[in-house]
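Read off the chains here:
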Amino acid sequence: MQGVAGHKSRLTWAVNLTVLALVVLWLIPTAGLLVSSFRDRDQISATGWWQAPFAVEQTYRMRADAGAAVQEGGQYVIVGNVFDSDGYAGAAGRVTGFGITGRDPAGFAPGAVADLRRGGTVSVQPDGAFRVTAPEDFGRRGPNIYFQAATPPRFSLDNYARVLGADAMGQAFINTLTVTIPATVIPILIAAFAAYALAWMEFPGRGLLIAAVVGLLVVPLQLALVPLLKLHQTVGIGQSFVGIWMAHTGFGLPLAVYLLRNYMAGLPRDIIECAKVDGATDFQVFTRIVLPLSFPALASFAIFQFLWVWNDLLVAKVFLPSSDEAKVMTVKIADDLLGSRGGDWGILAAAAFTSIAVPLLVFFTLQRYLVRGLLAGSVK
Amino acid sequence: MSPLVQGLVTILIGVGGCVGYFYLSNLVLDRVIFPARGPDPGRNISRANAVRPWLFLFPAMAALGLYLVYPVVGSFWRSLFDRDGDEFIGAGNYASLAADETFRTAVFNNLLWVLVVPAAATFIGLVSAQLTDRLRWGNLAKSMIFMPMAISFVGASLIWKFVYANEADIGLINAIRAALGADNPVDVLQIPFWNNFFLMMVLIWIQTGFAMVILSAALRGIPEETVEAAIIDGANPFQIFFRIKVPQIMGTIVVVWTTITILVLKVFDIVYTMTGGNFGTQILPSYMMGYMFRDDGRATAVAFVIMVLVLPVMVWNIRQARKELR
């Protein structure tokens, strides 16, 4: 933006604002879910997450306790505080209105006096203190009091506790971990050896093999599902963790070989030739020189594969048994929670965050390697 | 044995097995089959070196062959048989697909996805790459836009389901509509035709970061002189960007574009999670999941259609790779 000195500041402003808008736009959806996962479930359905820091106006109902009635100058009187009743949970708020029928739960301003149909009065003060009077005994049940109160915002870990416990997301978390770790570690070594051969060994058909790997990079996984599941069942693996580890290993290999070969081919030729002149075998060159030098590429691939396997839904749906003990988090969310807990946003948000917390952590701590891997894979 | 322990054991077996295989096979090759001694050690060494690459390649090639090459053939073969796999029906599955209206919707929607998502993600990615490049807080901004890459498609779908929710107190879209005076909330995922675009938004949101990171690296690789020359010639910032910079990184733009295109053809999670393919939002990968476990003949036929759609990009990629090798 240099050459246009006169417009420079205005343009810089425009750029700053545009980028800010873009970042906000990109962050808002995730922020909404994060905030909601900590909110109380009643408050979620009462106000939007963007109003989370403010008090929530909600309507409650309580019944004045007839047993607490006392006689006072010829009248029966019940006094108490609406915020102490069973229908209300959490810290005391501020009453913004009250009523005596469900149809009009906030028809009276706090401090006003409402006349009951059977005679008598109800009044509720802003601080929640109420007073019910009646000319005769209340009998067994006191009158209903409806009130609308501004409840202070409530944040808690309740949603997480419920999701991890009752909804068996804890088990699913462990299953995801169980699937991901071997499926990330095993392909690396297999791919590294092959990548070394493709990068530094001369043999007929090398170019063809590299082209084949590039081609396999884009083969849709959908093709592999039916034949391989059949194969697994014939061999006796069936739908199991062993099966999914093998499947992910196979599916991850093209990217691994491709990334590692690109990186290894870029290593300085001198080092490798010197080692060979000094009498090192290919095996020694690989384990002592190439493998340590390729660490950044190995890390990139490991991150890719980790994110890919952790986030995968398709392979897990097909290659793992559909029983509850073997469900990974993505399957759990997509197949169970969205169906049975469709409208329970607090639970859904907590479940989603349980599943994306680890990838986000990996992303933010190892972003450098991720970017490097991306660039090695596509920029020439 | 709990699966987690089983997993750790598998890692040990897998890694140990790999190391053992490579070490022992090389040892056997050098000491037993072609030892560097005897009447003609030189010939033995060169023979051993001719075999060695295949030792290195064997495990990867076996796995690739079994898990990616065989399925292409196997799926095609299976798609020629009926539901139970007993009766050969030739193109019967493909014929019944062509007659199915949902399948045609799925193909149409898929083409829509292929047109819109890569274009939008690449364009927004390119613009944000250029804009963030000179900012002091550019890296932070990039990080934030890049972040959805780490989120699963299922997680992202849930995040956006929340934005699209059919209540003004939950969904941001309906809240904005209500603030502007609309009376009733709408379920944007049920608006015919346009709901497809709301689903695409999720994938664009995820993929823009990918495009941005790669394009920003490409932009930095542009030689300064070309930009300086343009400035001296009096080009304005827009001309510099569109006429000088973009043409120079066209190769990378195409790579990004094709990479996202392939992804679009494979992703089934978003549609599966958000609409289940209802309301006219079906796409091929999620259409296939409907037949998975029920009618393998149909499922493989759909998979093969996806493969055919991917094929041009595959051929193009291989050509590019071969060009670079030369």
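UniProt, in its Sequence similarities (unreviewed entry) section for chain B, records the words "Belongs to the binding-protein-dependent transport system permease family." In UniProt, chain B has this text filed under Subcellular location (unreviewed entry): "Cell membrane".

Checking UniProt for chain A, the heading Subcellular location (unreviewed entry) contains the comment "Cell membrane". You can read under Sequence similarities (unreviewed entry) in the UniProt record for chain A the words "Belongs to the binding-protein-dependent transport system permease family."

Engineer: Would you explain the overall build of chain B in this entry?
Structural biologist: When helices and strands are tallied, chain B shows 14 helices and zero strands. Going from the N terminus to the C terminus, chain B shows its helices and strands as α-α-α-α-α-α-α-α-α-α-α-α-α-α. Along the three orthogonal principal directions, the C-alpha set of chain B runs to about 95 × 70 × 45 Å. Looking at chain B as a whole, 50% of its 326 residues are labelled buried. For chain B, contacts bridging at least 24 residues in sequence account for 67% of all contacts bridging at least 6. A distance of 11 Å separates the average location of the 23 positive side-chain charges in chain B from that of its 21 negative side-chain charges.

Engineer: Explanation requested: the domain arrangement of chain A in the structure shown.
Structural biologist: It is common to give the size of an interface as the accessible area lost on bringing the parts into contact. The domain boundaries assigned to chain A delineate domain 1 (5-52), domain 2 (56-151) and domain 3 (161-378). The centre of domain 1 of chain A, based on its C-alpha atoms, is set 41 Å off from the matching centre of domain 2 of chain A.

Engineer: Help me out: how do you make sense of the domain arrangement of chain B in this one?
Structural biologist: Domain parsing of chain B yields domain 1 (3-58) and domain 2 (94-153 + 196-325). The C-alpha centroid of domain 2 of chain B is placed 41 Å from the C-alpha centroid of domain 1 of chain B.

Engineer: How should the UniProt feature "transmembrane region" (unreviewed entry) in chain A be read in this particular structure?
Structural biologist: Under the UniProt annotation, the feature "transmembrane region" (unreviewed entry) is placed at residues 12-35, 179-201, 208-229, 241-260, 289-310 and 345-366 of chain A. The straight-line gap between the two end C-alpha atoms of residues 345-366 of chain A is 31 Å; of that span, 100% is helix and 0% is strand.

Engineer: I keep staring at unusual backbone geometry and nothing clicks. Help me out?
Structural biologist: Across residues other than glycine, the phi torsion is negative in most instances, and most of the peptide bonds are trans. Residue and element names in this part refer to chain B. Positive phi is not limited to glycine here, since Phe-279 has a value of about 55 degrees. Residue placement: Phe-279 occurs in the loop between α12 (269-274) and α13 (284-291). With relative accessibility at 41%, the residue Phe-279 sits in the partly exposed group. Phi is positive for Phe-293, which is not a glycine, with a value near 70 degrees. In this structure Phe-293 comes out as partly exposed when scored by relative accessible area, which is 47%.

Engineer: Help me out: how do you make sense of the interface of chain B and chain A in this one?
Structural biologist: Each partner contributes to the interface: chain B provides 104 residues, whereas chain A provides 109 residues. Here chain B packs against chain A, burying approximately 9700 Å² in sum over the two surfaces, 82% of which is carbon and sulfur. Looking only at chain B, the three residues that lose the most surface to chain A are Phe56(B), Tyr67(B) and Phe162(B), adding up to 8% of its buried area. Our enumeration of links across chain B and chain A arrives at one salt bridge. A salt bridge links Arg52(B) to Asp282(A); its shortest N-O distance comes to 3.9 Å.

Engineer: When you look at the sheet that holds strand β1 (residues 56-63) of chain A in this model, what are you seeing that I'm missing?
Structural biologist: What links the strands of a sheet is backbone hydrogen bonding, and the strands pair in either a parallel or an antiparallel sense. Residue and element names in this part refer to chain A. Ordered in space as β1-β8-β4, the three strands form an open sheet in which the pairing is antiparallel. Each of the sheet's edge strands pairs with one partner strand only, and the pair in question is β1 and β4 (94-99). Put simply, the sheet's adjacent strands are angled 25 degrees from each other on average, direction ignored. Across five bridges, the pairing between β4 and strand β8 (residues 144-151) is antiparallel. Of the residues in β8, the one forming a bridge with Val-95 is Ala-149.

Engineer: When you look at the packing of aromatic side chains in this model, what are you seeing that I'm missing?
Structural biologist: Applying the stated rule across the entire model yields 40 aromatic pairs over all chains. Taken together, a centroid distance of 5.8 Å and an interplanar angle of 50 degrees make the contact between Phe103(B) and Tyr287(B) tilted. A residue pair is termed long-range when its members are at least 10 positions apart, and Phe103(B) in helix α4 (residues 101-133) and Tyr287(B) in helix α13 qualify at 184 residues. On the accessibility criterion, Tyr287(B) (5% relative accessible area) is buried. Each ring, one from Tyr164(B) and one from Phe198(B), has its centre 5.3 Å from the other, and the planes form 80 degrees; the classification is edge-to-face. Placement of Tyr164(B) in helix α6 (residues 153-164) and of Phe198(B) in helix α8 (residues 195-220) is noted, with a sequence separation of 34 residues between them. The exposure class assigned to Tyr164(B) is buried, which follows from its relative accessible area of 2%. For Phe198(B), a relative accessible area of 24% translates into the label partly exposed. The lysine or arginine in question, Arg368(A), covers the ring of Tyr369(A), its NZ or CZ lying 4.9 Å from the ring centre.

Engineer: When you look at the UniProt feature "transmembrane region" (unreviewed entry) in chain B in this model, what are you seeing that I'm missing?
Structural biologist: UniProt feature "transmembrane region" (unreviewed entry): in the numbering of this structure it lies at residues 6-29, 50-70, 111-132, 144-163, 197-219, 249-268 and 299-318 of chain B. Helix makes up 100% of residues 50-70 of chain B and strand makes up 0%, while its end C-alpha atoms are separated by 27 Å.

Engineer: Looking at this model, I keep getting lost on the packing of α4(B) against α8(B). Mind explaining?
Structural biologist: Working note: a packed helix pair is described by the angle between its axes plus the distance between those axes. Residues and elements named next belong to chain B. As a packed pair, α4 and α8 sit with axes 6 Å apart at the nearest point and diverge in direction by 40 degrees. As summarised for this structure, α4 and α8 are arranged oblique, according to the angle between their axes. You can see that α4 and α8 cross each other, and the crossing is right-handed. Here the residues of the contact of α4 with α8 are counted per class, giving 18 nonpolar, nine polar and two charged.

Engineer: Can you help me understand the sheet that holds strand β2 (residues 70-72) of chain A in this one?
Structural biologist: All names here are of chain A. Taken together, five strands build an open sheet; the order of strands is β2-β3-β7-β6-β5 and the sheet is antiparallel. Each edge of the sheet is formed by a strand with only one pairing partner; in this case those strands are β2 and β5 (113-115). Geometrically, the sheet is characterised by an average inter-axis angle of 25 degrees between neighbouring strands, direction not taken into account. Of the strand pairs in this sheet, strand β3 (residues 75-81) and strand β7 (residues 129-134) are connected by six bridges, and their pairing is antiparallel. Paired with Ile-78 across the two strands is Val-132, which belongs to β7.

Conventions and cut-offs
- Residues numbered from 1 in each chain as written.
- Chains lettered and ligands numbered in written order.
- Predicted model: local features only at pLDDT ≥ 70, side-chain atom pairs only at ≥ 80, totals over all residues.
- Heavy atoms only, no water.
- UniProt positions renumbered as here; feature names shortened; annotations may be inferred.
- Helix = DSSP H or I, 4+ residues; strand = E, 2+ residues; numbered from the N terminus.
- Buried < 20%, exposed > 50% of the residue type's maximum accessible area, 1.4 Å probe, protein only.
- Contact = heavy atoms within 4.5 Å.
- Lys, Arg positive; Asp, Glu negative; His and termini not counted.
- Charge placed at Lys NZ, Arg CZ, Asp CG, Glu CD.
- Domains from an automatic or database assignment.
- Buried area = accessible area lost by both parts, 1.4 Å probe.
- Salt bridge = Lys/Arg side-chain N within 4 Å of Asp/Glu carboxyl O.
- Pairing = 2+ DSSP bridges.
- Axes fitted to C-alpha atoms, helices over the stretch in contact; angles between N-to-C directions.
- Phe/Tyr/Trp six-rings, centres within 6.5 Å; stacked < 30°, edge-to-face > 60°.
- Lys NZ or Arg CZ within 6 Å of the ring centre and 35° of its normal.
- Parallel < 35°, antiparallel > 145°, perpendicular 65-115°, else oblique.
- Left-handed = near helix turned anticlockwise from the far one by under 90°.
- Nonpolar A, V, L, I, M, F, W, Y, C, P; charged D, E, K, R; others polar.

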